[in-house]
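The lines below spell out each chain.
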Amino acid sequence: MRKIFILVFSLFLVFASQEGMAQENINPRNVTISELSDGQVRRIYNEIMNRGLSEQQAASLALARGFTMQQVNALKRRFEELQNEGGAQASTQPDTANAFVGELSTKKEIEPSQKEERLFGFNFFNSEKLTFEPGVNLPASGDYIVGPGDEFSIDIWGASQQSYQLTVDNSGNINIPNAGPVSVDGLSLKNARNKIFDKLTLIYRDLSGKQPGTFANIYLAQIQPIKVHVIGEAFAPGTYTLPGSASAFNALYLAGGPNMKGSFRDIRVIRDGKVMKSLDVYQYLIDGKSDVNIPLRDDDVIMIPSYQKRIRMSGEFKRNGIFEGKEGETVADLIRYAGGFTDKAFKQRLELFRNDSRQTLFKEVVAKEFEDMMIHNGDSIIAGEILDRIENRVIVEGAVMRPGNYELTEDLTLSALLKKANGLAEDAFLERGQILRLDESFQLANIPFNVKDVIDGKFDVELQREDVVTIYSIDELRQNRVLDIEGEVRNPGTFEYREGATLSDLITLAGGFTEAASNSYIEVARRLSHEEAAEYQNKTGHLFQFTISRSLELDEKDREFELKPYDQIFVRKAPGYTEAGTVRINGEVLYAGEYNLSSRQERLSSIIERAGGLTPDAYARGAMLTRKVKIDSKVKRLREQLMEQDSTLQFDEMGFEVLAVDLRAAIENPGSRDDVFLKEGDELLVPRELQTINVGGAVLNPISAPYVKGKSLKYYVDQSGGFSDLAKKGKAYVVYPNGKAAATKKFLFFKNYPKVLPGSEIVIPEKAVKEPLPATAWISIGSSVASLALTVVTISNALK
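Note that the structure is predicted; figures quoted are calculated from it, not measured. (Residues numbered from 1 in each chain as written. Predicted model: local features only at pLDDT ≥ 70, side-chain atom pairs only at ≥ 80, totals over all residues. Heavy atoms only, no water.)

A. Expanded view of unusual backbone geometry. Residue Asn178 is not a glycine yet carries a positive backbone phi of 70°. Take Asn178: it is sitting in the loop between strand 3 (173-176) and strand 4 (180-183). A positive phi is found at Asn422, a non-glycine position, where the angle reads about 65°. Locating Asn422 in the fold gives a position in the loop between helix 13 (414-420) and strand 18 (428-438). Here Asn422 falls in the partly exposed class, since its relative accessible area comes to 49%. (Helix = DSSP H or I, 4+ residues; strand = E, 2+ residues; numbered from the N terminus. Buried < 20%, exposed > 50% of the residue type's maximum accessible area, 1.4 Å probe, protein only.)

Here's what the structure looks like:
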């Protein structure tokens, strides 16, 4: 509803200004909303925004003028249509063209040097985060000076309704119909309003009084822009067009502020040939005095003179940079402009470098001179940093209740320091402590003392700055006392030594026995005592053997034997203990699957018997037995070293190996060489008889050919197209299904190829390819032969 009231009232104002409603009565009911253009609808909203009326004021005036709800609804629909067409965006911002005549000036682009950026105050007029861009839509303040071209709007409502739009003419007057002219030129906006209000009371008698029936709203609808001239040492001097409500800082912002030669402390605003005010920007930046920023008038001149004193502030100030000083200011003033000292600054002394007419002089300024030392142009003031040195500290560390830093008070002694630290810890070593001290020549000195004597009052010493008092703990001065237990316990490892601990106690700490443990053979290894190790001997320790109840019950013998620090306990495995192992049989047996190894003597033939024997389709000679292989880190490292020495050497890490056995021979001759003992994880595969032969390697066409009983290796090679040119015929070999292999044998000029069985693979190796000699090598050989021939001829001629 607020938008509707605003639009209705604005519509009335528009027509009042266009058609003279201020002079004659026009019926608002005759206004046709549909005939308004989009631009007029946009202007309605802009007008009400410029006038700054509240919702109640707009509603009262609209109803008083006699607008109907049908007109209000029609206007609402027009406004919604503009919103859908994107018109709302255009109408949500005030129309600055109605408020100001002509285009306003924009800020000049400044590209400062690093030195200019260090100038204190530069960022004030050239920061992206701080702007003094003149605002064209801001209402004029009460201090604004009215001048020709300004336009007043007067709204009357209540018992009487009327609207006026009155422009200040060149004589400085506005003419109110039926009331006469009012001179407002040169008045502040506040005083001009009062003067206009007094004039209105002549025609609207009930405007004044304790209970007025008519009300008036007087405001500036249009402010005439002004032109301001910025001259002198500005980054971008020139003439700028500004809103009539602009201030000095607005003009300085557009001009970039003072340049490297300009003054921030004496910027002069000149009006009608007289200096109206001298601006000190530092009063705004340092003290926040906003009255420095005065409003401008048309044709004002802002003159930026050259600076008088420039001082460089560096070091431990909160703001480092180039500052400007005024006559009569001291070092203390410059410290204040620089924000004061940092927390690391040495505040008792400043370094001042000063230029005279011939050279640079150095002056030392102490704290008491800050208020009296006058600054000169070109001074450079440096604040140093405090020393990284603690004047009144002592340190206590080690076996005390509260180790740390303590204040070195007058006549502080060692005993007093220990009392400040809440005394010694329970594990303090009382025989010796130490004080680490820097002596007179700044060399580290050690002062030992007996801690017990200090506690008993028999010894004391006065402490000095930065003394470090160390109280050792008993554990720090002896080797870490431990017990080691290995073997068949649940948690083998190293345990902290405990006084009075027995063998059963340590086994309990280690989680007790495993199922494999032998409680009848437990060995304890003990170091030689200090007395025994004092003399050289062959004996290196003591060994003890014990039998412990598996229930770890306490008995007399166990109580009598106490463990000592660094004892090593070994719990052996029971001789007959072995973990249950399994083997797996796959393929052509009656009962394939996993079988438990019930005996250490379990053989291949017995496991076949337990599996029900072979099926009629089984091919025993092709059976393959694989065994798991675990390669430890030492073997891996050895293999890596061998491969580094011989790049052609390769090791397969498949995790298993093939045992080449003849299953048929093992079954027919139990206990024979082929009837091997089985191990946990072994896997036996008994295939059906294979009917193919694989031929690969250096043949013309590697194939799988049908097995023909009685045929030799040469037959299958011919089936694959014969040997290739690179074939090593004398190195051909056959790999049998059970993993065995057989190579070609030679006798004189005859080759005896290995026998081929079903499922075999024939492999023909290739000869190594030799690289032909390049042309340069042949040229080198030819040159060598020619040289040799020449030498022979020369020797032959010499012998004649």
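Resuming the write-up.
B. Up close: the sheet that holds strand 11 (residues 309-315). Pairing within the open sheet is mixed, and its five strands lie in the order 12-11-15-13-14. Each edge of the open sheet is held by one strand with a lone partner, namely strand 12 (321-325) and strand 14 (360-366). Neighbour-to-neighbour, the strand axes of this sheet turn through a mean angle of 25°, independent of strand direction. Across seven bridges, the pairing between strand 13 (residues 345-355) and strand 14 is antiparallel. Residue Glu351 lies in a different strand from strand 14, and its bridge partner there is Glu364. (Pairing = 2+ DSSP bridges. Axes fitted to C-alpha atoms, helices over the stretch in contact; angles between N-to-C directions.)

C. Looking closely at the pattern of salt bridges. Under the criterion given, the structure shown has 22 salt bridges. The partner of Arg526 in a salt bridge is Asp567, and the shortest N-O contact between them spans 2.8 Å. With Arg526 in strand 23 (residues 517-527) and Asp567 in the loop between helix 16 (556-560) and strand 25 (568-573), this pair connects stretches of sequence that are 41 residues apart. Summarising the burial analysis for this pair, Arg526 and Asp567 share the class buried. Close ionic contact of Asp682 with Arg627 constitutes a salt bridge, the shortest N to O distance being 2.7 Å. One end of the pair, Asp682, is in the loop between helix 19 (663-668) and strand 30 (683-686); the other, Arg627, is in strand 28 (residues 624-628), with 55 residues separating them in the sequence. Accessibility assignment for this pair places Asp682 and Arg627 in one class, buried. Look at the salt bridges and you will find they share partners, linking Arg265, Asp280, Lys326 and Glu329 into a network. (Salt bridge = Lys/Arg side-chain N within 4 Å of Asp/Glu carboxyl O.)

D. Expanded view of the packing of aromatic side chains. Overall, the coordinates contain 15 aromatic pairs when judged by the stated rule. Note on Phe125 and Phe249: the rings are 5.9 Å apart at their centroids and 80° apart in plane angle, and the pair reads as edge-to-face. Of this pair, Phe125 sits in helix 8 (residues 122-126) while Phe249 sits in helix 10 (residues 248-254), and the two are 124 residues apart along the sequence. According to the relative accessible area criterion, Phe125 is buried, its value standing at 0%. Phe249 gets classed as buried once you look at its relative accessible area, which sits at 0%. Clustering of aromatic rings is evident, with ring pairs tying together Phe120, Tyr282, Phe323 and Tyr337. (Phe/Tyr/Trp six-rings, centres within 6.5 Å; stacked < 30°, edge-to-face > 60°.)

E. Representation of the sheet that holds strand 2 (residues 162-167) within the structure. Taken together, three strands build an open sheet; the order of strands is 2-1-5 and the sheet is antiparallel. Each edge of the open sheet is held by one strand with a lone partner, namely strand 2 and strand 5 (214-222). On average, each strand axis in the sheet is tilted by 15° relative to the strand beside it, whichever way the strands run. The pairing of strand 1 (residues 151-158) with strand 2 spans six bridges and is antiparallel. For Asp155, the partnering residue across the bridge sits in strand 2 and is Ser163. Along the sheet, helix 9 (residues 189-200) makes contact with strand 1 and strand 5, crossing strand 5 at roughly 140°. (Contact = heavy atoms within 4.5 Å.)

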